[in-house]
Amino acid sequence: MARSDAPAVAAFVPAVADRFERLVVGVHSDIAPMEAEWRALASEEGVSVYQSFDWVAAWLEAAAPAQAIRPAIVAVRAEGRLVMIWPLGVERVGPVRIARPLGGEHANIRMPIVAADWRCEAGDAAVDRLLRRIAASIRGVDLFDFDALPLDHEAAPLFLARHSAALPARCNVGTIRLAGDFAAVLAEHRGAKKTKKHRWQKNALAPVGGYQLRRASSREEADAMLDAFLAEKAAWFRRNGLDDSFAAPGIVAFFRALIARRWDEGREGVIDIDAIEFAGGIHAILGSGTANGRQSGYFLATTDDEWRRISPGELLIHDVIEAACARGTTLFDLGRGDERYKSSWLDRTETHVRLIRPVTLIGHAAALAIALRDRAEKKIRDDERLWSLVGKFRRSRGAARTTQPPVSED
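What counts, and where the lines are drawn
Residues numbered from 1 in each chain as written. Predicted model: local features only at pLDDT ≥ 70, side-chain atom pairs only at ≥ 80, totals over all residues. Heavy atoms only, no water. Phe/Tyr/Trp six-rings, centres within 6.5 Å; stacked < 30°, edge-to-face > 60°. Buried < 20%, exposed > 50% of the residue type's maximum accessible area, 1.4 Å probe, protein only. Lys NZ or Arg CZ within 6 Å of the ring centre and 35° of its normal. Helix = DSSP H or I, 4+ residues; strand = E, 2+ residues; numbered from the N terminus. Expected span 1.5 Å × (residues − 1). Contact = heavy atoms within 4.5 Å. Axes fitted to C-alpha atoms, helices over the stretch in contact; angles between N-to-C directions. Parallel < 35°, antiparallel > 145°, perpendicular 65-115°, else oblique. Left-handed = near helix turned anticlockwise from the far one by under 90°. Pairing = 2+ DSSP bridges. Polar contact = N/O pair within 3.5 Å; in protein donor to acceptor, adjacent residues only side chain to side chain. Right-handed = clockwise from strand over helix to strand, strands pointing away.

Moving on: the packing of aromatic side chains. Evaluation of the coordinates by the stated rule reveals 20 aromatic pairs. Judged by centre distance (5.8 Å) and plane angle (35°), the rings of Phe-246 and Phe-255 are tilted. Using a relative accessible area of 8% as the deciding quantity, one classes Phe-246 as buried. Given the relative accessible area of 3%, Phe-255 is considered buried. By way of ring pairs, the aromatic residues Tyr-50, Trp-55, Trp-59, Phe-229, Phe-246, Phe-254, Phe-255, Tyr-298 and Phe-299 are connected into one cluster. When the ring centre of Phe-237 is taken as reference, the NZ or CZ atom of Lys-233 above it lies at 5.9 Å.

Laid out in structure tokens, this is it:
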């Protein structure tokens, strides 16, 4: 996604800061009238699939109503030209009204679409004034919570992320640069070891007829693969004592809406589902989306059975990356987190921050509570002993859930 014509930031920073006050802010609940402008700006500025019109439209269609999220799509114009789109939604958390990027934890990259000549650093005061103007236009907002916000986009800073109040996000996103020559990519990532492992996996599966990488080719096939993923992932959440993020209201409907857009409307890239199949079944599934040459992982699951010994998830990632190289994909990520299966491939870090800006008195109190909670969670995560205890507690809770007898309906 790197662009050779990226603007020289230093040359226009003062001018941008001076022009902030003249920006015109509009807020929309219906994005349909913005479709043409949205698609043009998203394509021109090379944003991820999470900022694409179809991804946001599917979220507004399925998840937002189910979660009582009020759409607040902010369109910012400079002299009539659309220069920013902020896909926000307002949620109530107790008495607090919070404006957040749409997508929640299922959007691994949460950022506004910003025209190249507005990707800059700006003073905190100018940014805060713009946020207050946006809050006034939305009406009924106590604070903004921008999490999973990239520090830079295409080598140019994003003024929101450069605010002095921005703190490191809980997780960054690992990426890998791709090229048409998969062998060259492999060689740069411990290729000899990965090739040896891949050969061993193929040999181990030869007695059952080998394996195949399948990519869903129809809506029906994609729905079936999604069903298989949801069943496996639900079992994984139970085993690990975690709440199932895919069981939240509207989430399954959201992914089905993506599938419908992909196959009923021909919106290629908004979702694809790849799977490793052998021995009569699917043993690893990856859902992802692609925009502007970047493929981003939505979800991944592997079966918990005797075939785990061959690491079907690693086999899937190897073959998906090889196929992505052949398709001309230039950047690949597997979402947030630093799990081992990600770090073995993803050798670059896309740094993310979290910016919380209150705009009312109750918003200030809520911002303080969020900061204290985040600080406590970070302290626990950074302490290996405490984090290990958390893991043990979750696993014991998961064991209790899986052994619990079903509740009678009589």
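The subject of this paragraph is helix 8 (residues 251-264). For helix 8, built from 14 residues, the straight-helix expectation of 20 Å at 1.5 Å per residue is met to within 8% by its first-to-last C-alpha distance of 19 Å. For helix 8, a buried count of ten out of 14 residues is recorded, marking the element as mostly surrounded by other parts of the structure. For helix 8, every residue scored as buried is listed here: Ile-251, Phe-254, Phe-255, Ala-257, Leu-258, Ile-259, Ala-260, Arg-261, Arg-262 and Trp-263. Taken together, the buried residues of helix 8 touch helix 3 (53-66), helix 7 (219-239), strand 12 (272-278) and strand 14 (294-302).

Glancing now at the packing of helix 3 against helix 8. Across the interface, helix 3 lies against helix 8 with an axial gap of 8 Å and an inter-helix angle of 135°. Here helix 3 lies oblique to helix 8, going by the angle between them. Both helix 3 and helix 8 take part in a crossing whose hand is right-handed. Contact residues: Asp-54, Trp-55, Ala-57, Ala-58, Trp-59, Glu-61, Ala-62 and Ala-63 in helix 3; Ile-251, Ala-253, Phe-254, Ala-257, Leu-258 and Arg-261 in helix 8.

Overall, mixed pairing links the seven strands, which are arranged 11-12-13-14-15-10-16 in an open sheet. At either end of the open sheet lies a strand with only one pairing partner, and these are strand 11 (212-215) and strand 16 (348-350). Taking each pair of neighbouring strands and ignoring which way they run, the sheet shows an average axis angle of 30°. Pairing between strand 10 (residues 173-177) and strand 15 (residues 331-336): four bridges, direction antiparallel. Within the sheet, the bridge partner assigned to Arg-177 lies in strand 15 and is Leu-331. Together, strand 11, strand 12, strand 13 (281-291), strand 14 and strand 15 form the strand contacts of helix 9 (residues 312-327), whose direction differs from that of strand 12 by roughly 130°.

In this section: unusual backbone geometry. Phi angles above zero are rare outside glycine, and Ala-148 is one such case at about 55°. Assignment of secondary structure puts Ala-148 in strand 6 (residues 143-150). Exposure remark for Ala-148: the relative accessible area of 0% places this residue in the buried category. Even without a glycine there, the phi angle at Asn-292 is positive, about 55°. Its place among the elements puts Asn-292 in the loop between strand 13 and strand 14.

As a further point, take the side chain of Lys-233. Here Lys-233 lies in helix 7. Look at Lys-233 and you get buried, because its relative accessible area is 16%. At 3.2 Å, the side chain of Lys-233 forms a polar contact with the backbone oxygen of Leu-300.

Right, let's talk about the pairing of strand 14 for a bit. Working note: regular strand, side chains alternate between the two faces of the sheet. Within strand 14, eight of the nine residues are buried, which leaves the element mostly enclosed by the surrounding structure. Summarising the sheet, strand 13 and strand 14 pair through eight bridges and their orientation is antiparallel. What sits directly across from Ala-291, in strand 14, is Arg-294. Here strand 13 hands over to strand 14 after two residues, with Asn-292 in that stretch at a positive phi of 55°. Crossover connection from strand 14 via helix 9 to parallel strand 15: handedness right-handed.

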